[in-house]
Amino acid sequence: MINSRYIIILFTLAVCLASCDITDNEAVPTESFFKIYDNNAFDASFIPIDITQTSDGGYIVLSSSRLTTSNFTGVNLVRLDENGEFISETLLDEQYVNPVDQIVELENNYYFMAMNSISLEAVLFNINDSAAVQSTTPLGITYPMYLNADGGNLLTLSYNNSSKNTILSVISPEGQTIGTRAAFDIGAGADTEAPIISHFNRTGRQLPFFAGRIEGGPYYFNGFFNYTLSLVFTNLDETLGVVQGQQDDGGLSAGIPVSSGNFAVARFNFGDNFIGPSVSLSTTETISSTDILDNPFPELVDNAPVILDVIEVNGTQSILYGSNTKSGQIILMAYEIAGSESTLMGTKYLGSTYPYEIAGFTQTVDGGLAVVGNTSVAGRFDRICMFKLSANELSELVN
Amino acid sequence: MKKRISILSFLLFVGCGISFAQPAYLNKKRSKKPTEADRFMQTQWWLGFKAGVNMTEASPDQRFSGLSPTNYDPGILDKEYDGFEAISGQAGIEITFYHKGFSFSFQPNYRRQQFGYSNSYEWTNTEDADNTLSLNYDQAHKLDYIELPLLVKYDILKQNKFRPFVQVGVFYATLMNAQKEVEISGIDQASGSAGPFENQQLIIGADDLFIKSSTGVMGGLGFYYDFWSVRLVFDATYRMGLNNITNTQNRFSENQLSGIGDAMDDVNLNNISFNLGCLFPMRFISSKIHNPVR
C-alpha cells in the first residue's frame, strides 16, 4: 500500500505545482483586447482619423466615410465602452465633411475640426464623453488640415485657396481667434495647389499636415510653403526657420519636439522613409529635409504615414512611432529619449492575415495604449479596428 | 514550469519503479503468517500498456469575438461548436494496484484532442441584393497533452475470466503542443459567382492560445478478460474538464488569426475515449509455474 501512497502523493504534488496557470488564468478585459467594428453593408467603408479615451474609461473614435452626395467624406463619431465594444455611432449632418486629425481634450471637453461642405469653412466641434455634439463653431478659415492643443487654447492649421496661403491660427475653446492668423504663401500656380485639393478630395495621397508649439518657443507647422511641403518655424508674425521638402515628393511625415532643440521626426523622400528619433533642428535656419541625419526604414510602405508621440512607459518617457509595413501590419517602434543618441528599444507588430493601417494612438489611463486603425475585413471591406495594449505589453515593447 | 514537471514525472516513475521492483518472494516470506497469505491472495499489481481513440467537444462558457458589430446582432458572431466528431488517439501505460475488488490505477498517457468551431458572416448590399458575400470560417484545434489520470475501479464480477468494472477518477494534463487550422470558404455573388469557393487553409502554432494545465474528473466502465498470464482490458471513459483551457491573457494579443476577427471563448474540454490494453501481473503464487494472483 505504501507504493500507492507514493503515487497519490506524487500525483498531488505534480498537480499542485504544475497547475498554477489555472488560478492565474484571469485577464482584466479592459486591459488588452482587439476589435474590428464591422458593418454588414457591402458598400460601407470607414476611414478612422483619431481616438481618445473618455473619463468613463470608454473611447471615442473620430472617423469618416464616403458620401454619395459630396466629393468629400462625412463625419462619424463612434463610441466604444471600456472593453472596446461598440456602443453607438453618430453620422453627422452631411453639411459637415472632412474631419481632421486630431481629437483634442481640454478640461474634459473634446474638440475636433471638420469642414462645411458648401462654404468650405472650418467648423470646430465640442463633444462630450458620450460623443454627443455640444456646440459647433464656424472658425472663419477654410480647408481645415490639423488641430492641436496650445496650452488651454487650440492651434489650427488650414488652407486658404483664395490667397493660396497656409494659415496657422490660435483659437480659444469657444472658437474665437486669438491674435493674428499667420499666413504662409504656398507659391503661385495650380500645380502647387493640386496635391492639397487631392488630399481634401481623397483622390490623391493623404499629406502629413501637422502643427504644434515648442514649449516656451516658436510654433511650427508642416504644410505647404514656398512651393514645397515644409516644416516651418514661426512666431506667428514671421517665418523663423524652414525645413524644406521636395514639393510633395519629400518632406516630414511626422515631427514633435522632444528636448531642447531636438526633434523626433519621420520623413519621406520619393517613396523612401526615414526615422530620426533625436535630430537637432535649428528653428532659425533654412535647411533641406534631406540634410537630416536619420535612419532609413525600407520596411515601411512608400511615403508611409507616421503617428508620433511621447508616451510614458514604466515611469519613463519614450518616443513612440506608429506606421504601416509593406507586409500589411501596423508597426510600433519605441525609442528612448536620450539626447542625440536615442536608440530603438523595441518594435511590435499589430494585425495579421488581412492588411492593417494605423490612424492614431493614445495612451490610456491604465498605462496602456489604444491604437486605432483600418483593416480590410475579408480582404474587401474597410472597417475601423482598435488594438488595446496593456501596460505590461507596452512595457515589453520598451524592454 | 516545464522543468518542474519533468522532475516530478521522473520522481513519479522512479517511485513506481521502486514499488514494482519489490519481488514477490518478500511477500511470500510474509505469507508465512496465515493472515498475510490471505492478504496476498487478494492483492495484485498490474503493469501494461493501452491505446485507443478519443473524441472531444469544447464547451463554451463566456464567449468572445474579435468583431464588434455596428449594425447587426452580436449573437450572430457566436461560434458554432462541433460535437464529439473529430477522432484522435492516445497511448500510455497503466499501473494498477488491486485489492479485494477495488483497483487504484495510474494511467499516464500521451493524447491528442481535437475540437472545432465555425463562424459565418454575410455582407449584403441593401440596394442590390446580388452584391452579397458569405464567408464561413471552419477552425480546428489540435491539442497534444501528457495526461496523468488517477482512477479507482471496482470489479463487478471478481472470480470470472470476464470481469466488468466501473471506474471514476481525476486527471491532470499538461499541454505539449497546440495547432490551429482555418479553412475559409464562401459564396461571392458580388464577383459574379454563384458557386462556393475555398481559400487556402491556414495552419498556425497555437501554444500561446492555451494554458498548460487541464484538469477534470472522469468516469466510465470497461471489462477485463484474463487468459494465459495476461489480462486484456477495454474501457470507455468520459472526461469532464473543470477548467478553462483558453489563455485569457493571450486571447487577442498572441492570436495570429485575430486579424480575421477570431478570439477564443472560455472553454472546457469534454472527452470520450475508448482504450484497449494489455496488463501483466507483477505478483505470482509460485515462481516456477508463474500462476498470477487474481
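Keep in mind the model is a prediction, meaning the values are calculated, not measured.

1. Section: the overall build of chain B
- Assigned secondary structure in chain B consists of three helices and 13 strands.
- Across the 294 residues in chain B, those meeting the buried criterion constitute 37%.

2. Looking at the overall build of chain A
- Secondary structure assignment for chain A yields four helices and 29 strands.
- Computed over its C-alpha atoms, the radius of gyration of chain A comes to 23 Å, within 12% of the 21 Å expected for a compact globule of 399 residues.
- Taking the principal axes of the C-alpha coordinates as reference, chain A spans close to 100 × 45 × 40 Å.
- Within chain A, residue pairs in contact and separated by at least 24 positions form 46% of the contacts whose partners lie at least 6 positions apart.

3. Some thoughts on the interface of chain B and chain A
- Contact with chain B, which involves 51 residues of that partner, is made by 42 residues of chain A.
- Only helix H1 (2–21), strand S2 (67–69), strand S5 (102–106), strand S6 (109–124), strand S7 (132–155), strand S8 (162–188) and strand S11 (213–227) of chain B provide two or more residues apiece to the side of chain B that touches chain A.
- Examined bridge by bridge, strand S1 (residues 33–38) of chain A and S2(B) share three bridges and lie parallel to one another. Note that in S2(B) the partner of Ile36(A) across the bridge is Leu67(B).

4. Here we look at the sheet that holds strand S25 (residues 330–336) of chain A
Residues and elements named next belong to chain A.
- What the four strands build is an open sheet, ordered S23-S24-S25-S26; its pairing is antiparallel. The sheet is open, and its two borders are formed by strand S23 (307–313) and strand S26 (344–350), each paired with just one other strand. Recorded for the sheet is a direction-independent mean angle of 25 degrees between the axes of neighbouring strands.
- Bridging between S25 and S26 involves six bridges; their strand directions are antiparallel. What sits directly across from Met333, in S26, is Thr347.

5. Observations regarding the sheet that holds strand S11 (residues 153–160) of chain A
Residue and element names in this part refer to chain A.
- Spatially, S10-S11-S12-S13 is the arrangement adopted by the four strands of the open sheet, whose pairing is antiparallel. The open sheet has two edge strands, strand S10 (144–150) and strand S13 (177–185), and neither has a second partner. When the angles between neighbouring strand axes are averaged without regard to direction, this sheet yields 15 degrees.
- Pairing of strand S12 (residues 165–171) with S13, which is carried by six bridges, proceeds in the antiparallel orientation. Each bridged residue has a counterpart across the sheet, and for Leu168 the counterpart in S13 is Ala182.

6. Some thoughts on unusual backbone geometry
Residues and elements named next belong to chain A.
- Note the cis peptide between Asp101 and Gln102, where omega equals 15 degrees.
- Note that Gln102 resides in strand S6 (residues 96–106).
- The backbone of Tyr143 shows a phi angle near 45 degrees, a positive value even though the residue is not glycine.
- One can find Tyr143 in the loop between strand S9 (133–142) and S10.
- By the C-beta count within 10 Å, which is 21 here, Tyr143 ends up buried.

7. Quick notes on the confidence of the model for chain B
- Residues at a pLDDT of 70 or more form 82% of chain B, whose mean pLDDT is 84.
- Of the two predicted TM-score estimates for the complex, the pTM is 0.87 and the ipTM is 0.89.

8. Examining the nonpolar core
- Counting 148 residues, the largest nonpolar core has Val61(A), Ala266(A) and Val371(A) as the members making the most contacts within it.
- Counting residues in hydrophobic clusters, the runner-up holds eight residues, among them Trp45(B), Phe165(B), Val233(B) and Leu279(B).

9. What to know about the pairing of S1(A)
Residue and element names in this part refer to chain A.
- The buried fraction of S1 amounts to six of the six residues, a majority that puts the element mostly inside the structure.
- On S1, burial covers both faces: Phe33, Lys35 and Tyr37 on one face and Phe34, Ile36 and Asp38 on the other are all buried.
- Examined bridge by bridge, S1 and strand S29 (residues 381–389) share five bridges and lie antiparallel to one another. In the strand pairing of S29, Phe34 is matched with Phe387.

10. Structural notes on helix H3 (residues 190–201) of chain A
Residues and elements named next belong to chain A.
- The terminal C-alpha atoms of H3, which comprises twelve residues, lie 16 Å apart, in line with the 16 Å expected from a rise of 1.5 Å per residue.
- Every buried residue belonging to H3 is among Ile196, His199 and Phe200, and all of these are buried. Taken down its axis, H3 places every buried residue within 100 degrees of arc, on the same side. Within H3, the exposed residues directed more than 90 degrees away from the buried face are Ala190, Asp191 and Ala194.

11. Focus on the environment of Val371(A)
Residues and elements named next belong to chain A.
- The topology assignment puts Val371 in strand S28 (residues 369–377).
- C-alpha of Val371 to C-alpha of Ile330: the two residues are 41 residues apart in sequence and 9.4 Å apart in space.
- Setting aside its immediate chain neighbours within four residues, Val371 contacts Gly322, Ile330, Leu350, Ile358, Phe361, Met386 and Phe387.

12. Let's talk about the environment of Asn153(A)
Residue and element names in this part refer to chain A.
- Of note, Asn153 is situated in strand S11.
- Classification of Asn153 by C-beta neighbours within 10 Å gives partly exposed; the count is 18.
- Taking the C-alpha atoms as reference points, Asn153 and Phe381, 228 residues apart in sequence, are found 38 Å from one another.

13. Overview of the pairing of S23(A)
Residues and elements named next belong to chain A.
- Direction of pairing for S23 relative to strand S24 (residues 316–324): antiparallel, over a ladder of seven bridges. Within S24, the position partnered with Ile311 by the bridge is Ser318.
- Counting the residues that bridge the hairpin from S23 to S24 gives two residues, and of these Asn314 lies at a positive phi of roughly 50 degrees.

14. Topic: the environment of Gly169(B)
Residues and elements named next belong to chain B.
- Here Gly169 shows up in strand S8.
- With 20 C-beta atoms counted inside 10 Å, the residue Gly169 sits in the buried group.
- Between the alpha carbons of Gly169 and Lys153 there is a distance of 8.6 Å; along the sequence they are 16 residues apart.

Cut-off values and rules
- Residues numbered from 1 in each chain as written.
- Chains lettered and ligands numbered in written order.
- Predicted model: local features only at pLDDT ≥ 70, side-chain atom pairs only at ≥ 80, totals over all residues.
- Helix = DSSP H or I, 4+ residues; strand = E, 2+ residues; numbered from the N terminus.
- Buried ≥ 20, exposed ≤ 12 C-beta atoms within 10 Å, placed from the backbone.
- Rg over C-alpha atoms; globule rule 2.2 N^0.38 Å.
- Contact = placed C-beta atoms within 7 Å.
- Pairing = 2+ DSSP bridges.
- Axes fitted to C-alpha atoms, helices over the stretch in contact; angles between N-to-C directions.
- pLDDT = per-residue confidence, 0-100.
- Core = buried A, V, L, I, M, F, W, Y, C linked by C-beta atoms within 7 Å.
- Expected span 1.5 Å × (residues − 1).
- Arc of directions from axis to C-beta.

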